[in-house]
Amino acid sequence: MPFLRKREPREPKKAKPRSLGRDAMRRLMKNRAAVAGGVILLVLFFAAIFADFVAPYSYTEGSVLDNYAGPSAAHPLGCDFMGRDMLSRLIYGARISLAAGLVGAFTAFIIGVTFGLISGFFGGKTDNIMMRFVDIMYAFPTLLLIILLMVFFKSSLSVSGVAAEGFRGTLSNIDRAMGGMFFIFLGIGITSWLGEARLVRGMTLSVRNTEYIEAARAIGVPRRRILFRHVLPNVLGPAIVAQALQIPGFILYEAFLSFIGLGVNPPTPSWGMMLSDGYIAMRSHFHLVLWPALAISITLFAFNFLGDGIRDAFDPRQTR
Amino acid sequence: MFQFILRRILWTIPVILVISSVTFMLMHSVPGGPFTRERALPEAIQRNLEAKYHLDDPLWKQYVDWMGGIFLHFDFGPSYTSRSRTVNDILAQQWPVTATLGAVAFLIAICIGIPLGILSAVKQNTLIDYGSMVFAMLGVSIPAIALGPFLIWIFALKLGWFPVATWGTPAHIVLPAVTLATGYLSRFARMTRASMLQVTREEYILTARAKGVRETMVNLKHAFRNALIPITTIAGPAFADIVTGSLVVERIFGIPGIGKYYVQSIGNRDYPVIMATTLIFAVLIIVMNLLVDISYALLDPRIRYS
């Protein structure tokens, strides 16, 4: 980000230069809860990326003898209803949850920033029409829309059979290769960019009326260059933070969709699906519910702590 | 003010038109109809059924007829799966369940969340403050699909205080309502605390204290009233969210509410039920947002609508 670029002083001075980013970082590192959240997330990320090496067993293969097995030396967290190792499934499940959170946030970010930037920068009739559209979509119950979209994706875009052709076939193949995650990303992205668009539009409007934009216009800088070089960088920071704070929400959407059976496709382990498999047998085998519930709660806990820390650190009113 | 409300009410017309047509198109582009079965029905029966429910009409006509039915006769149409009941019957039977659950959860969230937030702000940086904020953080982070099973296990299976699932007596409401409320309760507590802390830095609070106003009065009348605006901002959407969110809780606790029925109806391609539920939730969201905007004007005399 250009506005965070460190400027080297010409003559070496003793005091370190203090930029917004550096100050924020210092404040963030002092916040113990945020650091703890960050460390948990790092561990989760590595576990998710290197799941093939970290997980002791496969997430698809189980033994009938181990159905509903409790914790033991071989399976520290026990086994699920098909005798599959819980720990391994949890580790692979981290992939799904983190991916849903991050890719969901990224998709919503791209759509929201593009939409808000165009709306705010061009103003007038364009702005009016685009924002009325956002207003209308705001009244759409998100949970219901995402369910409808998932059903739509799953039954009209996915083509059963091996020889899937054409645009729909391509989408369907991508989705199948990702264990059903692609459509979840799409569903989250399509439903969750409205707030971001409003935020970016508001900031674009205020940036557009500043003196330096007027100056740039006066010396004849083309519009596209003003948009990308002068407006966009000033809008980007808060837009990123706003989406980062949304990540727990996206993780929840995925868990919920998988919980009601509209999420990932079965052998792929998702924490939401493990919960829905487990709570049926909860009375006698509580560990089937316990571990996925803990996993998802700890992950959200870590994201919330880190998010709070980042928001506080970038808050200019704080001068700790 | 009156004009503002009128304009907002008129605005709901295009909103409802767009939402219903989007839902309608999404539903009808999903392959398979309400009478598609694993074992196909004889063609004549299939055709007769479709003719009975006007499913053989062109799509635009089906849409116009359906919308007309609602606005002219308040008739949401027939249900394709439960043949003996109309959608109106289904709504009358299941909507009260969801509404009760949502209202109880919302009350729990407000009545515990806001006092908790005030308490932490007043006792800032004490053990009470830290304790309630850790609790709030836990509440925000534990989702209903994890909390629900936990509560069932502890309070229903181990302690036996409440029934495990289903609906009927007041005791049945407790666990699902708490599951539904916890996240919003925590959000209210955090919001109230932050808002209170910001207001207490204002100079009129200092003035009030200097005048010798009692501390409880300063906190409740001077600080809390002004801290209410950001709280109402989240309270409106939160109510709508809680009611939609009962979809999850109804599924965990096996409650016969509209949310559980919605998911089933999508599987059954029961178009009128899907449309009716989506529209009702949308209207609820619109109404809540309108109420929030009106309450701004009541809470803060500086805000005027034209």
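Note that residues are indexed from 1 along each chain, following the sequence as it is written. In the order they appear in the text, chains get letters beginning with A and ligands get numbers beginning with 1. Totals for whole chains, interfaces and linings use every residue, but because this is a predicted model, local features are given only for residues with pLDDT of at least 70 and side-chain atom pairs only at 80 or more, for both listing and counting.

**Student:** Outline the overall build of chain A, listing residues and values.
**Tutor:** Within chain A, the regular secondary structure consists of 13 helices and 0 strands. Every helix listed is a DSSP run of H or I at least four residues long, and every strand listed is a run of E at least two residues long, numbered separately from the N terminus. Along chain A, from the amino end to the carboxyl end, the secondary structure elements read α-α-α-α-α-α-α-α-α-α-α-α-α. Any residue with 12 or fewer other C-beta atoms within 10 Å of its own C-beta is exposed, any with 20 or more is buried, and the rest are partly exposed; the C-beta atoms used are placed from the backbone. Looking at chain A as a whole, 39% of its 320 residues are labelled buried. Two residues form a contact once the distance between their C-beta atoms, set from the backbone, is within 7 Å. For chain A, the proportion of contacts with a sequence separation of at least 24, taken over those separated by at least 6, is 69%.

**Student:** Describe the overall build of chain B, naming the residues involved and giving the relevant values.
**Tutor:** Summing up its helical and strand segments, chain B has 11 helices and 0 strands in all. In terms of principal-axis extent, the alpha carbons of chain B reach across some 85 × 60 × 30 Å. For chain B, buried positions account for 37% of its 306 residues. Within chain B, contacts between residues at least 6 apart in sequence are counted, and of these 73% link residues at least 24 apart.

**Student:** Which residues make up the packing of helix H10 (residues 258-268) of chain B against helix H11 (residues 271-299) of chain B, and what are the values?
**Tutor:** All names here are of chain B. At a closest axis distance of 9 Å, the pairing of H10 and H11 adopts a crossing angle of 140°. The pairing of H10 with H11 is recorded here as oblique in orientation. As for the relative orientation of H10 and H11, their crossing is left-handed in sense. Along the contact surface, H10 presents Ile258, Tyr261, Tyr262, Ser265 and Ile266, while H11 presents Val273, Ile274 and Thr277. Only the stretch in contact is used when a helix axis is fitted, and all axes are lines through C-alpha atoms; the angle between N-to-C directions ranges over 0 to 180 degrees. Convention used here: angles under 35 degrees read as roughly parallel, angles over 145 as roughly antiparallel, angles from 65 to 115 as roughly perpendicular, and any remaining angle as oblique. Helix crossings fall into two classes, left-handed where the near helix is turned counterclockwise from the far one by less than a right angle and right-handed where it is turned clockwise.

**Student:** Give me the lowdown on the confidence of the model for chain A, citing residues and values where you can.
**Tutor:** Every residue gets a pLDDT, meaning the predictor's confidence in that residue, from 0 to 100. Overall, the predicted model of chain A reaches an average pLDDT of 78, with 79% of residues at or above 70. For chain A, per-element mean pLDDT is lowest for helix H7 (residues 166-177) of chain A, which scores 67, and highest for helix H9 (residues 194-208) of chain A, which scores 87.

**Student:** Explain the nonpolar core to me, and be specific about the residues and the numbers.
**Tutor:** Core analysis: the largest hydrophobic core is formed by 147 residues, its most contacted members being A:Ile147, A:Leu275 and B:Ile145. The residues contacting B:Ile145, other than those within four sequence positions of it, are A:Ala255, A:Phe256, A:Phe259, A:Gly272, A:Leu275, B:Val248 and B:Ile252. In these notes, a nonpolar core means any group of buried Ala, Val, Leu, Ile, Met, Phe, Trp, Tyr and Cys residues linked to one another through C-beta atoms within 7 Å.

**Student:** Before we move on, can you summarise the packing of helix H4 (residues 87-122) of chain B against helix H5 (residues 127-141) of chain B with the specific residues and values?
**Tutor:** Residues and elements named next belong to chain B. Between H4 and H5, the least distance of the axes is 8 Å, while the angle of their chain directions is 140°. In this view, H4 runs oblique relative to H5, as classed from their interaxial angle. Viewed along their axes, H4 and H5 form a crossing whose handedness is left-handed. Listed contacts from H5 to Leu116, Leu119 and Ser120 of H4 are Ile128, Asp129, Ser132 and Met133. The classification used treats Ala, Val, Leu, Ile, Met, Phe, Trp, Tyr, Cys and Pro as nonpolar, Asp, Glu, Lys and Arg as charged, and all other residues, Gly among them, as polar. Here the contact of H4 with H5 is composed, by residue class, of 4 nonpolar, 2 polar and 1 charged.

**Student:** For the confidence of the model for chain B, give the residues involved together with the corresponding values.
**Tutor:** Of the residues in chain B, 95% have a pLDDT of 70 or more, and the chain-wide mean is 81. Listed scores for the predicted complex are pTM 0.82 and ipTM 0.80.

**Student:** Just give me the short version of helix H6 (residues 144-158) of chain B, but keep the residues and values in it.
**Tutor:** For a helix, the expected span equals 1.5 Å multiplied by the residue count minus one. For H6(B), which comprises 15 residues, the first-to-last C-alpha distance of 20 Å matches the rise-based estimate of 21 Å (1.5 Å per residue) to within 8%. The largest bend along H6(B) reaches roughly 25° and is located at B:Ile152. Within the sequence span of H6(B), burial applies to B:Ala144, B:Ile145, B:Ala146, B:Leu147, B:Gly148, B:Pro149, B:Leu151 and B:Ile152. Taken together, the buried residues of H6(B) touch helix H11 (223-259), helix H12 (271-278) and helix H13 (287-314) of chain A together with helix H7 (170-200) and helix H9 (215-253) of chain B. B:Gly160 sits one or two residues past H6(B) and shows a positive phi near 70°. Note that the bend at a residue is defined as the angle between axes fitted to the seven residues ending at it and the seven residues starting at it.

**Student:** So what's going on with the interface of chain B and chain A? Residues and values would help.
**Tutor:** With 34 residues of chain B in contact, the opposing surface of chain A contributes 30 residues. Of the residues belonging to the side of chain B that touches chain A, the class tally is 28 nonpolar, 5 polar and 1 charged.

**Student:** How would you sum up helix H3 (residues 59-73) of chain B? Please name residues and give values.
**Tutor:** Look at H3(B): 21 Å from first C-alpha to last across 15 residues, which is about the 21 Å you get at 1.5 Å a residue. The buried fraction of H3(B) is low, at 0 of 15 residues.

**Student:** Quick one: what's the story with the environment of B:Arg269, residue by residue and with numbers?
**Tutor:** Structurally, the position occupied by B:Arg269 is in the loop between H10 and H11. With 266 residues separating them along the chain, B:Arg269 and B:Gln3 place their C-alpha atoms 41 Å apart.

**Student:** Residue-level account of unusual backbone geometry, with values.
**Tutor:** It is generally the case that most residues other than glycine have a negative phi and that most peptide bonds are trans. At B:Asn125, a residue that is not glycine, the phi angle is positive and equals roughly 60°. Since 8 C-beta atoms lie within 10 Å of it, B:Asn125 is described here as exposed.

**Student:** Requested: an account of the environment of B:Trp161, with residues and values cited.
**Tutor:** All names here are of chain B. The residue Trp161 is located in the loop between H6 and H7 in this model. Trp161 sits in the exposed class, given 11 other C-beta atoms within 10 Å. Residues Trp161 and Asp300, 139 residues apart in the sequence, show an inter-C-alpha distance of 44 Å.

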